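Coordinate analysis (summary)
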2 protein chains.
Amino acid sequence: MNKSALFHQFVAFTATIHQVTHDLTQNITAANITPLQYKILEYIKVSQPVTPTEISECQHMSLPNTSRELRKLQERQLIQKFSDTADRRKQYVRLSKEGEKMMEEAFACIEERFLQLIQHATQDDLKDIQHALAILEEKVLRQNG
Amino acid sequence: MNKSALFHQFVAFTATIHQVTHDLTQNITAANITPLQYKILEYIKVSQPVTPTEISECQHMSLPNTSRELRKLQERQLIQKFSDTADRRKQYVRLSKEGEKMMEEAFACIEERFLQLIQHATQDDLKDIQHALAILEEKVLRQNG
DNA sequence: CTCATTACTTATCATTTGATAACAAAATAA
DNA sequence: TTATTTTGTTATCAAATGATAAGTAATGAG
């Protein structure tokens, strides 16, 4: 099998994934949130509690800029910070009640849009999709990062 | 089968795809190109010739901003514009020789990184991957856009 | 204790990107 | 013909993001 052909197929695939992600997530929050801030909230939502350093690394941004965005999110009552009792330099970030509500609504909206995407899928189709996702995770994405 | 579970699997999958895309494409050009400009060149590369209006729509940006970025790319000799002989309002954009060279090098670099990702895959693995990509394209991504 | 390191903040500046108004030229419709 | 629409440009402003210097407080190593 031709690896180069597989590469081209993969590139086309990722382009489509990016397009679909854009469609699924556009206009997702009424709140006046920047794209970067949404990304950060999304990460906190699925990984909380997280430290600013972790956010900084996962979002590929500098710690000062992370700190600035977290301050804005805290001012808007969307997140809360707690300092580690053992190591008081460290901080843990969580969504506030309001932030949780906002992100849950956002996720619900994305899920609804996703379900529309697969509305005509049969049970067999769903199994195929699930299996395909698992194959790619295992054989391409989980290789070493 | 639980569609909601599939949704969560899909979300995790797309997050990983975005991460891998980031890794595959980071520091890809020596040229002093902004991320947006790279995206535009990438689109031109695979779809040329394209009009500014098409770029504008596919990249989700306004026509004035598209025009500005194209001007910068033209000043840097990375693209060329031609006006349509039939409808002289229209313009066709292509990569210049230099732009082609740059993008081919970029793509070659990305392909090399991708091949590393699947370096341990057997022939059967490759067939599985190819099939998985096809399934997802057909049953999720090509539903209606 | 002293010194270096870690985790984070504040401040500042540059660059990139987005938004919008105003315009021009060509094509099309009336 | 005149009016309208399409395609694109230029100019300008605002906002978002990136980069970096300097500083604080806590921890840990020696």
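These numbers come from a predicted model, not from an experiment. (Residues numbered from 1 in each chain as written. Chains lettered and ligands numbered in written order. Predicted model: local features only at pLDDT ≥ 70, side-chain atom pairs only at ≥ 80, totals over all residues. Heavy atoms only, no water.)

Contacts to DNA strand C come from 22 residues, most closely from Thr53(A), Ser67(A), Lys81(A), Arg89(A) and Thr34(B). Take the atoms of DNA strand C that sit within 4 Å of the protein: sugar and phosphate atoms are 58% of them. In the model, a phosphate oxygen of DNA strand C is placed 2.8 Å from a nitrogen or oxygen of the Lys81(A) side chain. In the environment of DNA strand C, a phosphate oxygen lies 3.0 Å from a nitrogen or oxygen atom belonging to the backbone of Ala86(B). Residue assignment for the surface near DNA strand C shows that the elements contributing at least two residues are helix 3 (52-58) and helix 4 (63-75) of chain A together with helix 2 (35-47) and helix 4 (63-75) of chain B. At four residues, the largest contribution of residues to the surface near DNA strand C is made by helix 4 of chain A. (Near = heavy atom within 4 Å. Polar contact = N/O pair within 3.5 Å; in protein donor to acceptor, adjacent residues only side chain to side chain. Helix = DSSP H or I, 4+ residues; strand = E, 2+ residues; numbered from the N terminus.)

Phi is mostly negative for residues that are not glycine, and the peptide bonds are mostly trans. Residue and element names in this part refer to chain A. The residue after glutamine 48, namely proline 49, is reached through a cis peptide bond having omega 0°. Summarising the element assignment, proline 49 is placed in the loop between helix 2 (35-47) and helix 3. Not every positive phi belongs to a glycine, and histidine 60 is a case in point at roughly 55°. Inspection of the secondary structure puts histidine 60 in the loop between helix 3 and helix 4.

Here we come to the protein's contact with DNA strand D. With respect to spatial proximity, 22 residues lie near DNA strand D, and among them Thr34(A), Thr53(B), Ser67(B), Lys81(B) and Arg89(B) are the closest. Here DNA strand D approaches the protein such that, of its atoms within 4 Å, sugar and phosphate make up 56%. Taking Ser67(B), its side chain carries an N or O atom lying 2.6 Å from a phosphate oxygen of DNA strand D. With respect to DNA strand D, the side chain of Lys81(B) contributes an N or O atom lying 2.7 Å from a phosphate oxygen. Among the secondary structure elements, those contributing two or more residues to the surface near DNA strand D are helix 2 and helix 4 of chain A together with helix 3 (52-58) and helix 4 of chain B. Element by element, the count of residues in the surface near DNA strand D is highest for helix 4 of chain B, at four residues. Partitioned by chemical class, the residues of the surface near DNA strand D number seven nonpolar, seven polar and eight charged. (Nonpolar A, V, L, I, M, F, W, Y, C, P; charged D, E, K, R; others polar.)

All right, on to the UniProt feature "domain: HTH marR-type" (unreviewed entry) in chain A then. Under the present numbering, the feature "domain: HTH marR-type" (unreviewed entry) in UniProt falls on residues 3-138 of chain A. In residues 3-138 of chain A, the share of helix is 68% and the share of strand is 7%. The end C-alpha atoms are 17 Å apart. (UniProt positions renumbered as here; feature names shortened; annotations may be inferred.)

Before going further, it helps to spend a moment on the packing of aromatic side chains. Ring pairs (aromatic) are described by centroid distance and by the angle formed between their planes. Summed over the entire model, instances satisfying the criterion amount to five aromatic pairs over all chains. An angle of 45° between the planes, with centres 5.5 Å apart, marks the rings of Phe7(A) and Phe114(B) as tilted. Residue Phe7(A) is located in helix 1 (residues 3-25), and its partner Phe114(B) is located in helix 5 (residues 97-117); the two belong to separate chains. Following the ring pairs from residue to residue traces out a cluster consisting of Phe7(A), Phe10(A) and Phe114(B). (Phe/Tyr/Trp six-rings, centres within 6.5 Å; stacked < 30°, edge-to-face > 60°.)

All names here are of chain B. Secondary-structure assignment places threonine 66 in helix 4. A relative accessible area of 0% means that threonine 66 is categorised as buried. Apart from the residues within four sequence positions on either side, threonine 66 is in contact with Pro52, Ile55, Ser56 and Met61. (Buried < 20%, exposed > 50% of the residue type's maximum accessible area, 1.4 Å probe, protein only. Contact = heavy atoms within 4.5 Å.)

A few words now on the interface of chain A and chain B. The partner chain B presents 47 residues to the 47 residues of chain A that form the contact. Carbon and sulfur atoms supply 71% of the area buried between chain A and chain B, which totals about 5,200 Å² over both sides. There are four salt bridges connecting chain A and chain B. A salt bridge links Asp128(A) to Lys139(B), with the nearest nitrogen and oxygen atoms 2.9 Å apart. Where chain A packs against chain B, one counts nine residue pairs in polar contact (both at pLDDT 80 or more). Elements supplying a minimum of two residues to the side of chain A that touches chain B: helix 1, helix 5 (97-117) and helix 6 (123-141) of chain A. If you tally residues by element for the side of chain A that touches chain B, the top one is helix 1 of chain A, at 18 residues. Considered class by class, the residues forming the side of chain A that touches chain B number 24 nonpolar, 15 polar and eight charged. (Buried area = accessible area lost by both parts, 1.4 Å probe. Salt bridge = Lys/Arg side-chain N within 4 Å of Asp/Glu carboxyl O.)

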